Amino acid sequence: MVGSYDPFRLVPPHHYTSRNPAPFRVSVSMNVMLLMDFHAHLAHTEIIGLLGGHYFPDREIMEVIYVYPCKSSSTGFQCEMDPASEVAAREVFAEKGLEFVGWYHSHPTFDPQPSIRDIENQTQYQEMWRREDGVEPFIGVIVTPYDIEHDSNVSRFQFWMSGTNYDLSGQFRTPYSCQHSFLQNENLQEETFSQMASLVEEYHNYDQRVNMSETYRKDEEVSRLDKLIESLSSHINVSSNAAETFISQVRELMSADFRPNKNEETSKLDATKELILS
Ligand SMILES: [Zn+2]
């Protein structure tokens, strides 16, 4: 229905063609894929973060090499970026000599297609980073970790941006899928693992935390942890020794540290008891 406005409606992105080509190519680090995917698996609510990298105008290519996970103020269906994390990200990017090149968020169980609200956010970012030549080197990524209808345990990813043309309703710029490739000859960075450990620290007491020991696929006896590990492994493109070491470190991290702190759990129980008694 033209004219109706529902900010939560998902809009399937269009595809660029040879007649309407993408404004630039996108190349992504496996460390970025690992961290976005890892972050998305931790919570039943939407997570959000910023992407750092470089845009090379002469080669019309964007390289995405760094992830800054942000805190979100999630309201169940949609999440907004906490402004303080955005300010903190600015400092880290400046220190590392990186440009803002994108943002990511998760759709925990539903299609990785942008909502109208997502498109509005994306368009605002693109306009903010528009260059003098008119190019807007800023992309969005949506990760869907737990779509049980999806046959594979590997998460679904959507790389996308707002096109220059408007949707038929005239309400928002038409979203387009961005093709992306992966950087070559990369190493697994130690920083990626330490960022994962920080996320575990941040989320282990979160009430919407995903219980990793819970079953994900009943018929195949796949736990949520197995699902996470399989999805992470799919991004790794290094020698099998290095990959195995990394994966076993992650498995250990999740088994040992990604559970609610005992004391807090007890105090929560006590609080509930008090509530019931009062
Ligand atoms: Zn969204």
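From a predicted model like this one, the values you see are computed outputs, not experimental measurements. (Residues numbered from 1 in each chain as written. Predicted model: local features only at pLDDT ≥ 70, side-chain atom pairs only at ≥ 80, totals over all residues. Heavy atoms only, no water.)

Colleague: I'm lost on the environment of Arg9 in this one. Help?
Modeller: Along the polypeptide, Arg9 turns up in the segment before β1 (14–15). What makes Arg9 partly exposed here is its relative accessible area of 39%. When the C-alpha positions of Arg9 and Asn187 are compared, they lie 39 Å apart, and in sequence the two are 178 residues distant. (Helix = DSSP H or I, 4+ residues; strand = E, 2+ residues; numbered from the N terminus. Buried < 20%, exposed > 50% of the residue type's maximum accessible area, 1.4 Å probe, protein only.)

Colleague: Even after reading the chapter, I still don't get the nonpolar core, so can you show me in this structure?
Modeller: With 52 residues, the main nonpolar core has Met36, Phe38, Phe159 and Met254 as its most contacted residues. Tallying contributions element by element places helix α1 (residues 30–41) first for this core, with 8 residues. Each of domain 1 (14–182) and domain 2 (192–277) contributes no fewer than three residues to this core. In this structure Met36 touches Leu51, Val67, Tyr104, Val141, Val143, Phe157 and Phe159, once residues within four positions along its chain are discounted. (Core = buried A, V, L, I, M, F, W, Y, C linked by side-chain atoms within 4.5 Å. Domains from an automatic or database assignment. Contact = heavy atoms within 4.5 Å.)

Colleague: How do you make sense of a negative patch on the surface when you look at a structure like this?
Modeller: Taken together, the side chains of Asp151, Asp219, Glu220 and Glu230 present a region of like negative charge at the surface. Taking relative accessible area as the criterion, Asp219 reaches 66% and is therefore assigned exposed. (Patch = residues over 30% accessible without salt bridge, like charges linked within 9 Å, V, L, I, M, F, W, Y side chains within 5 Å. Areas by Shrake-Rupley, 256 points an atom, 1.4 Å probe, with all protein chains shown as cover. Salt bridge = Lys/Arg side-chain N within 4 Å of Asp/Glu carboxyl O. Lys, Arg positive; Asp, Glu negative; His and termini not counted. Charge placed at Lys NZ, Arg CZ, Asp CG, Glu CD.)

Colleague: Please clarify how the domain arrangement of the chain should be interpreted in this entry.
Modeller: Where the parts come together, the accessible area they lose is often given as the size of the interface. One can read the domain layout of the chain as domain 1 (14–182) and domain 2 (192–277). With 30 residues of domain 1 at the interface, the matching set in domain 2 holds 31 residues. In total, about 2700 Å² of surface goes out of reach between domain 1 and domain 2, with carbon and sulfur atoms giving 62% of it. If you sort the residues of domain 1 by the area they bury against domain 2, Phe38, Leu42 and Asn153 come out on top, with a joint share of 28%. Put simply, Glu202 and Lys71 hold a salt bridge, and the shortest N to O gap is 3.7 Å. On inspection of domain 1 and its partner domain 2, the count reaches 20 residue pairs in polar contact (both at pLDDT 80 or more). Those elements that provide at least two residues to the side of domain 1 that touches domain 2 are α1 and β4 (61–70). The element best represented in the side of domain 1 that touches domain 2 is α1, accounting for 9 residues. By residue class, the composition of the side of domain 1 that touches domain 2 is 17 nonpolar, 9 polar and 4 charged. (Buried area = accessible area lost by both parts, 1.4 Å probe. Polar contact = N/O pair within 3.5 Å; in protein donor to acceptor, adjacent residues only side chain to side chain. Nonpolar A, V, L, I, M, F, W, Y, C, P; charged D, E, K, R; others polar.)

Colleague: What should I look at first to understand the pattern of salt bridges in this one?
Modeller: Side chains that carry opposite charge are capable of pairing whenever their charged atoms lie near each other. In the structure shown here, the tally under the stated rule is 11 salt bridges. Across the pair Arg173 and Glu127 runs a salt bridge whose closest N-O atoms are separated by 3.7 Å. You can see Arg173 sitting in strand β10 (residues 173–177) and its partner Glu127 sitting in helix α3 (residues 116–128), a full 46 residues away along the chain. We classify Arg173 as buried; its relative accessible area is 7%. Each of Glu127, Arg130, Glu136 and Arg173 takes part in one network of salt bridges that share partners.

Colleague: I keep staring at the packing of aromatic side chains and nothing clicks. Help me out?
Modeller: When we look at a pair of aromatic rings, we describe it by the centre distance and by the angle of the planes. According to the stated counting rule, one finds 10 aromatic pairs in the structure shown. For the pair Tyr125 and Phe138, a centre-to-centre distance of 4.7 Å together with 20° between the ring planes defines the contact as stacked. In this pair, Tyr125 is assigned in helix α3 and Phe138 in the loop between α3 and β8 (139–144), connecting sequence segments 13 residues apart. The buried category is assigned to Tyr125, whose relative accessible area is 11%. For Phe138, a relative accessible area of 0% gives the class buried. Summarising the aromatic geometry, the rings of Tyr146 and Tyr216 are spaced 5.6 Å apart at their centres and angled 55° between planes, so their arrangement reads as tilted. With Tyr146 in the loop between β8 and β9 (156–166) and Tyr216 in strand β12 (residues 215–217), this pair connects stretches of sequence that are 70 residues apart. The burial state of Tyr146 is the same as that of Tyr216; both residues are buried. Among the aromatic side chains, those forming a connected cluster through ring pairs are Tyr66, Phe93, Phe100 and Trp129. (Phe/Tyr/Trp six-rings, centres within 6.5 Å; stacked < 30°, edge-to-face > 60°.)

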